[in-house]
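So you can see what is in the structure, the chains are spelled out below.
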Amino acid sequence: MKNKTLIILFVLLTNLTFSQGKSVKETIDYINSKAGKSFTVSVKKDTEMTIEIFKGGELYRTDFLILGTIDASKTTYSAEEKGIILKCLAEMPKSLRKFDGACISREFHTKGKIAYYNRSVLHIEKGDKEIKGLINAFNHLINIAQDRSEEHTSELQSPCNLVCRLLLEKKK
């Protein structure tokens, strides 16, 4: 009986982990398949996201985001704006502050202008189920980036790395 319980628990946990453990590439592929001709998403180094937004089939603007600066708890859909909204963290770590305090750099291709914003609206006309799936996918990307950022910070603060940095500074 004990072995059967362990096997069932293992199968349940494996399925749960697999369903939540999509890779960055799988998540991006999902987002792009649902976005249609509204926008496309790409990610570099698992932390830097580029969103190309189209109007009338033409590239209108490009938003550049550092995923660790986006607040996953505030990713939502606005029926009024007919779009998914990505918002900057209210309190950004100093190491992630870019673009004059904003977290989104936006290039307008039709105007040749670059501006900085605290939110991005991705216009999309889909059903509730697809919108929820897209919000979950964006949050998944944000969480992966934030987890990796925390891993990197803890690596830099490990005793070995602290000693190495102190020795290097002492040499200078």
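Residues numbered from 1 in each chain as written. Predicted model: local features only at pLDDT ≥ 70, side-chain atom pairs only at ≥ 80, totals over all residues. Heavy atoms only, no water.

Colleague: Even after reading the chapter, I still don't get the packing of aromatic side chains, so can you show me in this structure?
Modeller: Any pair of aromatic rings gets described here by the distance separating the centres and the angle formed by the planes. Counted according to the given criterion, the structure contains two aromatic pairs. Relative to Phe-138, the ring of Phe-39 lies with its centre 6.4 Å away and its plane at 40°, an arrangement referred to as tilted. Taken together, the residues span a long stretch of sequence, with Phe-39 in strand S1 (residues 39-44) and Phe-138 in helix H3 (residues 128-156) at a distance of 99 residues. Each member of the pair, Phe-39 as well as Phe-138, is classed as buried. Note that Lys-111 overlies the ring of Phe-108, its terminal NZ or CZ placed 5.4 Å from the centroid. (Phe/Tyr/Trp six-rings, centres within 6.5 Å; stacked < 30°, edge-to-face > 60°. Helix = DSSP H or I, 4+ residues; strand = E, 2+ residues; numbered from the N terminus. Buried < 20%, exposed > 50% of the residue type's maximum accessible area, 1.4 Å probe, protein only. Lys NZ or Arg CZ within 6 Å of the ring centre and 35° of its normal.)

Colleague: Just to check I follow, could you spell out the pattern of salt bridges for this structure?
Modeller: Here the idea is simple: oppositely charged side chains can pair when their charged atoms come close. Counting across every chain of the model gives six salt bridges. Here Asp-63 makes a salt bridge to Arg-61, at a shortest N to O gap of 3.1 Å. Here Arg-61 falls in the buried class, since its relative accessible area comes to 8%. Residue Glu-81 is joined to Arg-119 by a salt bridge in which the shortest nitrogen-to-oxygen separation is 2.7 Å. Within this pair, whereas Glu-81 is found in the loop between strand S4 (76-78) and strand S5 (83-87), its partner Arg-119 is found in strand S8 (residues 119-123), the two being separated by 38 residues in sequence. (Salt bridge = Lys/Arg side-chain N within 4 Å of Asp/Glu carboxyl O.)

Colleague: How should helix H2 (residues 24-35) be read in this particular structure?
Modeller: Every α-helix winds through 3.6 residues per turn, so residues three or four apart in the chain are directed the same way. The end-to-end C-alpha distance of H2 is 16 Å, a good match for the 16 Å that twelve residues give at a rise of 1.5 Å each. Among the residues making up H2, those that are buried are Val-24, Thr-27, Ile-28, Ile-31 and Ala-35. Viewed end-on, H2 has its buried residues packed into an arc of 100°, placing them on one side of the element. Away from the buried face of H2 by more than 90 degrees, exposed residues Lys-25 and Ser-33 are located. Just downstream of H2, Gly-36 is the residue with a positive phi angle, here 65°. (Expected span 1.5 Å × (residues − 1). Arc of directions from axis to C-beta.)

Colleague: Even after reading the chapter, I still don't get the sheet that holds S4, so can you show me in this structure?
Modeller: Picture the strands of a sheet paired through backbone hydrogen bonds; they go either parallel or antiparallel. Ordered by their spatial adjacency, three strands build an open sheet running S4-S5-S8, and the pairing between neighbours is antiparallel. Of all the strands in the sheet, the pair left with one neighbour each is S4 and S8. Geometrically, the sheet is characterised by an average inter-axis angle of 35° between neighbouring strands, direction not taken into account. Pairing analysis gives three bridges linking S4 to S5, with the strands arranged antiparallel. For Thr-76, the partnering residue across the bridge sits in S5 and is Ile-85. (Pairing = 2+ DSSP bridges. Axes fitted to C-alpha atoms, helices over the stretch in contact; angles between N-to-C directions.)

Colleague: Can you help me understand the side chain of Thr-27 in this one?
Modeller: You can see Thr-27 is positioned in helix H2. Sequence-distant contacts of Thr-27, that is, excluding residues within four places in its chain, are made with Lys-22, Ala-137, His-140 and Leu-141. (Contact = heavy atoms within 4.5 Å.)

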